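# What the coordinates show
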Amino acid sequence: MKHRHVIDLEDLTFAQLQQVIDLAGKIKADPAKYSHVCDGKILATLFYEPSTRTQMSFQTAMLRLGGKTIGFDNPMNSSVAKGESLKDTITVVSGYADIIAMRNPVEGAAKAASLYSSVPVINAGDGGHLHPTQTLTDIVTLHNEKGRLNHLKIGLCGDLKNGRTVHSLIKTMSHFEGNSFVLISTPELTVPDYIKEIMINSGCEFTESQNLKESISDLDVLYMTRIQQERFSSKEEYEAQKGVYILDAEKMALAKEDMIVLHPLPRVDEITVEVDDDPRACYFKQAVYGMYGRMALIILLLEDSDYFFHDNKKKVIADDVTCPNERCVTHREAYLPKSFIKQGSHLFCDYCDHAVEMYSKD
Ligand code: CP
């Protein structure tokens, strides 16, 4: 099936990803050349969850391309507050706008939205699941700051369980030759099993560590993340995790001279302010690269008729099966088709990717 929705960066082929990176570079070099490319076009930003960078970089991306924006950043100021379903909101907004960027706290919400949209839907973050345009931001940054996307030793530190940016980045970078990962977290916040399976299946080496100081010295990239308070079920559980990993000047002194530090931001206390002045700290530059990456993506989705994606996954509708992930959109929006991806004898939720255990039907 052919479509133009960006739900997971895996929707793009390498060639398509390279097109975005290349175009982002051209726009950065000569922004005036692109300042009317989207004249007359409208971007809707539907943000059901707080955001600074993703929302504003999408909005500025469209404005810098000559287009306009509509949307909400607080669903309680929209008819969502009156109980409107995701399906109805998206059906209506896709009649107003040419492209939609949506952030939603519910896992799989972006995939669900894409089913009811007549225009491209870009996943701007769906709960703890994925954040593909952050990964786009990350790889545009790596391409520019490291000069390559392969043969990198990438340390990821912090909330690897709930950090959707971590999941998206591992999924994408595990496809590039020679990359390896050092997963630095407490035992409670390790990456989900399905992400480990992706690394194993792609032949990517990874190690797990609980100690940032011991792991930092041979990294090419350190990707710090915030402990995601909003994803914890109790304040006590969050309190037990916060402040465990703090990158400071002392630890930076142990790192390679050409290691770079990335962070999707916002930060809380996991990188001390003194690190900001270290030339290896790239997280503020990273936020700017994200705007150019999003400009490139918008142009390709709206203006390049050959820029579409193929979904060749084998799908089954199984009304008798329930996704075991309680945070999945299928538990909130009851009308959604019970769609699963079939891989061998295993089923994975089409919306949130969680494996369905003990499914034996052919
Ligand atoms: N990196 C990121 O998603 O930041 P915001 O939550 O501010 O959009």
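What this report covers is the structure whose coordinates are included nearby. (Residues numbered from 1 in each chain as written. Predicted model: local features only at pLDDT ≥ 70, side-chain atom pairs only at ≥ 80, totals over all residues. Heavy atoms only, no water.)

### Description of the overall build of the protein chain
Inclusion rule: By definition, any uninterrupted DSSP run of H or I lasting at least four residues is a helix, any uninterrupted run of E lasting at least two residues is a strand, and each is numbered from the N terminus. Radius of gyration: over C-alpha atoms. The globule rule applied is 2.2 Å multiplied by the number of residues raised to the 0.38 power. We call a residue buried when its accessible area falls under 20% of the maximum for its residue type, exposed when it is over 50%, and partly exposed in between, using a 1.4 Å probe and counting protein chains only. Residues are treated as being in contact if the distance between any of their heavy atoms lies within 4.5 Å. We treat Lys and Arg as the positive residues and Asp and Glu as the negative residues; His and chain ends play no part in the count. For charged residues, the charge sits on one atom: NZ in Lys, CZ in Arg, CG in Asp, CD in Glu.
Of regular secondary structure, the protein chain possesses eleven helices and 15 strands. Whereas a compact globule of 362 residues would reach a radius of gyration of roughly 21 Å, the protein chain reaches 20 Å, a difference of no more than 12%. If one aligns the C-alpha atoms of the protein chain with their principal axes, the spans along those axes are about 55 × 55 × 40 Å. Expressed as a percentage of the 362 residues in the protein chain, the buried residues total 57%. Look at the contacts in the protein chain between residues 6 or more apart in sequence, and 71% of them connect residues 24 or more apart. Distance between charge centroids for the protein chain: 4 Å, based on 39 positive and 51 negative side chains.

### Re the sheet that holds strand S5 (residues 121-126)
The criterion, for reference: Pairing between strands is defined by DSSP: at least two bridges between them are needed. Interaxial angle, 0 to 180 degrees, is taken between N-to-C directions of lines fitted to C-alpha atoms, where a helix line uses only the stretch in contact.
Here four strands make up an open sheet; going across it, the order is S3-S2-S4-S5 and the pairing parallel. Pairing within the sheet leaves two strands with one partner each, and these edge strands are strand S3 (68-72) and S5. Recorded for the sheet is a direction-independent mean angle of 15° between the axes of neighbouring strands. Relative to S5, strand S4 (residues 99-104) is paired through four bridges, and the arrangement is parallel. Paired with Met102 across the two strands is Asn123, which belongs to S5.

### Remarks on the pattern of salt bridges
Defined as follows: In the sections that follow, a salt bridge refers to a side-chain nitrogen of Lys or Arg positioned within 4 Å of a carboxyl oxygen of Asp or Glu.
The final tally for this structure, using the stated rule, is 19 salt bridges. Across the pair Arg164 and Glu49 runs a salt bridge whose closest N-O atoms are separated by 3.3 Å. With Arg164 in helix H6 (residues 164-173) and Glu49 in the loop between strand S2 (42-47) and helix H2 (53-64), this residue pair connects regions lying 115 residues apart in the sequence. By the burial criterion, Arg164 is buried, and Glu49 matches it. Lys153 serves as the salt-bridge partner of Asp218, at 3.0 Å between the closest nitrogen and oxygen. Residue Asp218 is found in the loop between helix H8 (212-215) and strand S9 (221-224), and its partner Lys153 is found in strand S6 (residues 153-157); the two are separated by 65 residues along the sequence.

### Digging into the side chain of His263
The condition that has to hold: Here a polar contact is recorded for every N or O atom pair within 3.5 Å, except that within protein the pair must consist of a potential hydrogen donor and a potential acceptor, and residues adjacent in sequence are included only if both atoms are side-chain atoms.
Relative to the assigned elements, His263 resides in the loop between strand S10 (260-262) and helix H11 (283-303). For His263, the side chain forms a polar contact with the side chain of Glu270, separated by 2.7 Å. Excluding anything up to four places from it in sequence, His263 contacts Met224, Thr225, Arg226, Glu270, Ile271, Tyr283 and Gln286.

### Considerations on the packing of H2 against H11
The axes of two packed helices give the description: the angle between them and the distance between them. Stated precisely, the cut-off is as follows: Each angle is binned into one of four classes, with values under 35 degrees roughly parallel, values over 145 roughly antiparallel, values of 65 to 115 roughly perpendicular, and all other values oblique. Definitions for this section: a left-handed crossing has its near helix turned counterclockwise from the far helix by less than a right angle. A right-handed crossing has that turn clockwise. The nonpolar class holds Ala, Val, Leu, Ile, Met, Phe, Trp, Tyr, Cys and Pro. Asp, Glu, Lys and Arg form the charged class, and all remaining residues, Gly among them, are polar.
Interaxial distance between H2 and H11 falls to 8 Å at its minimum, and their mutual angle equals 55°. Judged on the interaxial angle alone, H11 and H2 are oblique. The crossing of H2 and H11 is right-handed. Taking contact as the criterion, the partners of Arg53, Thr54, Ser57, Phe58, Thr60, Ala61, Met62 and Arg64 in H2 are, on H11, Ala287, Met291, Arg294, Met295, Ile298 and Leu302. Residue composition of the contact of H2 with H11, grouped by class: eight nonpolar, three polar and three charged.

### A word on helix H7 (residues 193-201)
Tyr194, Ile195, Lys196 and Met199 are the residues of H7 that are buried. Considering only its buried residues, H7 is in contact with H6, strand S7 (180-184) and strand S8 (205-209). Count one or two residues on from H7 and you reach Gly203, which has phi positive near 75°.

### A short note on the site of the ligand
Quick reminder of the rule: By convention in this text, a residue qualifies as near a molecule or strand provided that one of its non-hydrogen atoms is within 4 Å of it. Only the protein chains shown count as covering a residue, and every accessible area follows the Shrake-Rupley method with a 1.4 Å probe.
In the vicinity of the ligand, the residues found are Ser51, Thr52, Arg53, Thr54, Arg103, His131, Gln134, Pro264 and Leu265. Separating a nitrogen atom of the ligand from a side-chain N or O atom of Gln134 is a distance of 2.9 Å. Look at the ligand: alone it shows 250 Å² of surface, and the protein chains cover 92% of it.

### Here's the deal with the packing of aromatic side chains
What counts is decided by this rule: Two aromatic rings, drawn from Phe, Tyr or Trp (for Trp, its six-membered ring), form a pair once their centres lie within 6.5 Å of each other, and the interplanar angle then sorts them: stacked below 30 degrees, edge-to-face above 60, tilted otherwise. Charge-over-ring placement is defined geometrically: NZ (Lys) or CZ (Arg) within 6 Å of the ring centre, and within 35 degrees of the ring normal.
Inspection of every chain in the model, using the stated rule, returns six aromatic pairs. Plain terms: the ring middles of Tyr116 and Tyr335 are 5.9 Å apart, the flat faces sit at 70° to each other, and that makes the pair edge-to-face. Taken as a pair, Tyr116 in the loop between helix H4 (109-114) and S5 and Tyr335 in the loop between strand S12 (315-317) and strand S13 (339-343) lie far apart in primary sequence, 219 residues in all. Between the aromatic rings of Tyr307 and Phe309, the centroid separation amounts to 5.4 Å while the plane-to-plane angle is 80°, which identifies the pairing as edge-to-face. Phe309 carries the same exposure label as Tyr307, and that label is buried. Across from the ring centre of Phe308, 4.1 Å away, lies the NZ or CZ of Lys2, which sits over that ring. Taking NZ or CZ as reference, Arg294 lies 5.1 Å from the ring centre of Phe58, over its face.

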